[in-house]
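Analysis of the macromolecular model
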Amino acid sequence: MPYPMQLGFQDATSPIMEELTYFHDHTLMIVFLISSLVLYVIILMLTTKLTHTSTMDAQEVETIWTILPAVILVLIALPSLRILYMMDEIYNPYLTVKAMGHQWYWSYEYTDYEDLTFDSYMVPTQDLSPGQFPLLEVDNRLVLPMELPIRMLISSEDVLHAWTVPSLGLKADAIPGRLNQATLTSTRPGVYYGQCSEICGSNHSFMPIVLEMTTLKYFEKWSSMMQS
Amino acid sequence: AGGRRTSFPPPAQRPSTPPFDPRFPNQNQTRNCYQNFLDFHRCTKTMRKKGKDTSPCDYYRKVFQALCPLSWVQRWNEQIQEGTFPGKI
């Protein structure tokens, strides 16, 4: 859940998001180092009285400022690729859940059990209870068990949408006629919010995603309640 | 933490979801769904032709039911009934 004027990421709830947060910090440190160096050099050049406009054949400095940026780029690319492939990994999912995008709501299908499907519409602002968040609450939350790998399959019934939960490090396009797979794992219980992240029409901003991660016991209670 | 997970009592209706399929290792799982739908119908057709029990085909049905969106399955079933399904069954 983000808070007003937040600058960084939301708290990580999945191992993938933790990795992404570390990677973000790592890359930002490199950016800061380069920016400070460039700023320092600019100030130095603007304030000095010395000028030297006829440097030629400076092989040493040419070599350094070619090799060093290449090394820095590799130091960014390798951890990035590592996380990219970690996100693609799916090992023995416990459950498969399908999220289908519609104009303008999400619907969820649990078909490992009996056919359990429901639509998830945003709660209009005038219907909110005290303590609920405007434009983020839905009438039917997606309830899932925590600490278990879950296979999310994301698709769309009409136009492009994108199913996103920032604190879990999840974002996948919902494309009509295509099934996209993502692994969802949460390390703790809680309610996590997300929004459609692909412009999909006039109510694009009003189709939030609410994920309720709970213990397996309560999840089973919920799913048997939803089926009856 | 691994021990804690197994200490849960077995639920009445344990979900069993299709495992990882090395034929479809990518993010795009469209083919995984479609191939299992085809396999199910090919399997039942062959079994019926041989006059055998079709219960071995239930695995494919479970997989495509878990992976395919309900609207896709519904559309394909309608196409099969109308004889307009493009796949080879």
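Since we're looking at a predicted model, the values are computed, not measured.

Cut-offs used in this document
Every chain's residues receive numbers from 1 upward, in the order its sequence appears when written. Just so you know, chain letters begin at A and ligand numbers begin at 1, following the order they were written in. In keeping with the predicted nature of the model, local features appear solely for residues at pLDDT of at least 70, side-chain atom pairs appear and are counted solely at 80 or more, and the whole-chain, interface and lining totals rest on all residues. The side-chain values count all of the structure's non-hydrogen atoms but skip hydrogen atoms and water molecules. pLDDT is defined as a per-residue confidence score from the predictor, taking values between 0 and 100. Elements are defined by DSSP. Helices are runs of H or I of four residues or more, strands are runs of E of two residues or more, and each kind is numbered from the N terminus. Note on pairing: two strands pair once DSSP finds at least 2 bridges between them. Between N-to-C directions, angles span 0 to 180 degrees; the directions come from axes that are lines fitted to C-alpha atoms, helices contributing only their stretch in contact. Should any heavy atoms of two residues lie within 4.5 Å, those residues are counted as being in contact. UniProt positions are given in the numbering used here, feature names are shortened, and annotations may be inferred rather than shown by experiment. Buriedness of a pocket was judged along seven lines, with at least five required to meet protein on both sides within 12 Å; pockets are open sets of points on a 1 Å grid over the protein atoms alone, cavities are sets where a 1.4 Å probe fits but cannot get out, and lining residues have an atom within 4 Å of a point. Grid points are joined across faces, edges and corners, and a volume is the space filled by probe spheres set on the points. Note on residue categories: nonpolar means Ala, Val, Leu, Ile, Met, Phe, Trp, Tyr, Cys or Pro, charged means Asp, Glu, Lys or Arg, and polar means any other residue, Gly included. An automatic or database domain assignment is the source of the domain bounds shown. Put simply, buried area is how much 1.4 Å-probe accessible surface two parts lose in total, over both of them, once they are put together. The term salt bridge refers to a side-chain nitrogen of Lys or Arg lying within 4 Å of a carboxyl oxygen of Asp or Glu. N or O atoms closer than or at 3.5 Å make up a polar contact, with two conditions inside protein: a donor-capable atom paired with an acceptor-capable one, and, for residues adjacent in sequence, both atoms drawn from side chains. With a 1.4 Å probe rolled over the protein chains alone, any residue whose accessible area is under 20% of its type maximum counts as buried; one over 50% counts as exposed, and the rest are partly exposed. Roughly parallel covers angles under 35 degrees, roughly antiparallel covers those over 145, roughly perpendicular covers 65 to 115, and oblique covers all other angles. For any pair of crossing helices, the crossing counts as left-handed if the nearer helix is rotated counterclockwise from the farther one by less than a right angle, and right-handed if it is rotated clockwise.

**Considerations on the confidence of the model for chain A**
The share of residues in chain A with pLDDT of 70 or more is 100%, and the mean pLDDT across the chain is 93. Averaged pLDDT values for the elements of chain A fall to 89 in helix α3 (residues 216-227) of chain A and rise to 97 in strand β6 (residues 161-165) of chain A.

**What about the sheet that holds strand β1 (residues 95-102) of chain A?**
Residue and element names in this part refer to chain A. Spatially, β3-β2-β1-β5-β8 is the arrangement adopted by the five strands of the open sheet, whose pairing is mixed. Each of the sheet's edge strands pairs with one partner strand only, and the pair in question is β3 (116-120) and β8 (180-184). Pairs of neighbouring strands in the sheet enclose a mean axial angle of 25°, with direction left out of account. This element, α3, spans β1, β2 (105-110) and β3 of the sheet and lies at about 90° to β3.

**A short note on the UniProt feature "domain: Cytochrome oxidase subunit II copper A binding" (unreviewed entry) in chain A**
Mapped onto this numbering, the UniProt entry annotates "domain: Cytochrome oxidase subunit II copper A binding" (unreviewed entry) at residues 92-225 of chain A. Structurally, residues 92-225 of chain A is divided into 7% helix and 43% strand, and its ends, taken at the C-alpha atoms, are 26 Å apart.

**Brief notes about the layout of surface pockets**
All names here are of chain A. As a volume, the largest pocket reaches approximately 490 Å³. What lines the largest pocket is a set of 22 residues, and nearest its centre among them are Ile16, Met86, Met87, Asp88 and Thr183. Sorting elements by how many residues they give to the lining of the largest pocket places helix α2 (residues 59-88) first, with five residues. In the lining of the largest pocket, the residues fall into 13 nonpolar, six polar and three charged. Counting contributing residues, the lining of the largest pocket receives three or more from each of domain 1 (15-88) and domain 2 (95-227).

**Some words on the interface of chain B and chain A**
Between chain B and chain A, the residue contacts involve 27 residues of the former and 31 residues of the latter. Between chain B and chain A, the buried area comes to about 2,500 Å², and carbon and sulfur atoms account for 51% of it. Our count for the contact surface shared by chain B and chain A stands at zero salt bridges. Counting the contacts that link chain B with chain A gives 13 residue pairs in polar contact (both at pLDDT 80 or more). Contributions of two or more residues to the side of chain B that touches chain A are made by α1 (2-6), α2 (30-49), α3 (58-67) and α4 (70-82) of chain B. Considering only residue class, the side of chain B that touches chain A consists of 14 nonpolar, 10 polar and three charged.

**A few points about the pattern of salt bridges**
All names here are of chain A. This structure, assessed with the given rule, holds seven salt bridges over all chains. Glutamate 19 is the partner of arginine 82 in a salt bridge, and the nearest nitrogen-oxygen pair spans 3.1 Å. With arginine 82 in helix α2 and glutamate 19 in helix α1 (residues 15-47), this residue pair connects regions lying 63 residues apart in the sequence. Put simply, glutamate 212 and arginine 141 hold a salt bridge, and the shortest N to O gap is 3.1 Å. Pair noted here: glutamate 212 is in strand β10 (residues 208-214) and arginine 141 is in the loop between β3 and β4 (142-145), with a separation of 71 residues, a long-range link. Taking relative accessible area as the criterion, arginine 141 reaches 27% and is therefore assigned partly exposed.

**Overview of the packing of α2 of chain B against α3 of chain B**
All names here are of chain B. Running from amino to carboxyl end, α2 crosses α3 at an angle of 150°, the nearest separation of the two axes being 8 Å. Taken together, the axis directions place α2 and α3 in an arrangement best described as roughly antiparallel. Handedness of the α2/α3 crossing: left-handed. For the pair formed by α2 and α3, the contact residues are Asn32, Cys33, Asn36, Phe37, Asp39, Phe40 and Cys43 on the first element and Tyr60, Arg61, Val63, Phe64 and Leu67 on the second.

**A closer look at the sheet that holds β4 of chain A**
Residues and elements named next belong to chain A. Spatial strand order, β4-β10-β9: three strands in an open sheet with mixed pairing. The strands lining the two open edges of the sheet, one partner per strand, are β4 and β9 (190-195). Across this sheet, the average inter-strand angle for adjacent strands is 25°, counted without regard to direction. Two elements, β4 and β10, share four bridges in a ladder whose sense is parallel. Counterpart to valine 143 in the pairing with β10 is glutamate 212. Seen against the sheet, α3 touches β4 and β10 and runs at an angle of roughly 140° to β4.

**As for the domain arrangement of chain A**
Residue and element names in this part refer to chain A. Here chain A is partitioned into domain 1 (15-88) and domain 2 (95-227). Put simply, the middle of domain 1 and the middle of domain 2, counted by C-alpha atoms, are 39 Å apart. Residue-level contacts link five residues of domain 1 with seven residues of domain 2. Summed over the shared surface of domain 1 and domain 2, the result is zero salt bridges. Across the domain 1-domain 2 interface, the total number found is zero residue pairs in polar contact (both at pLDDT 80 or more).

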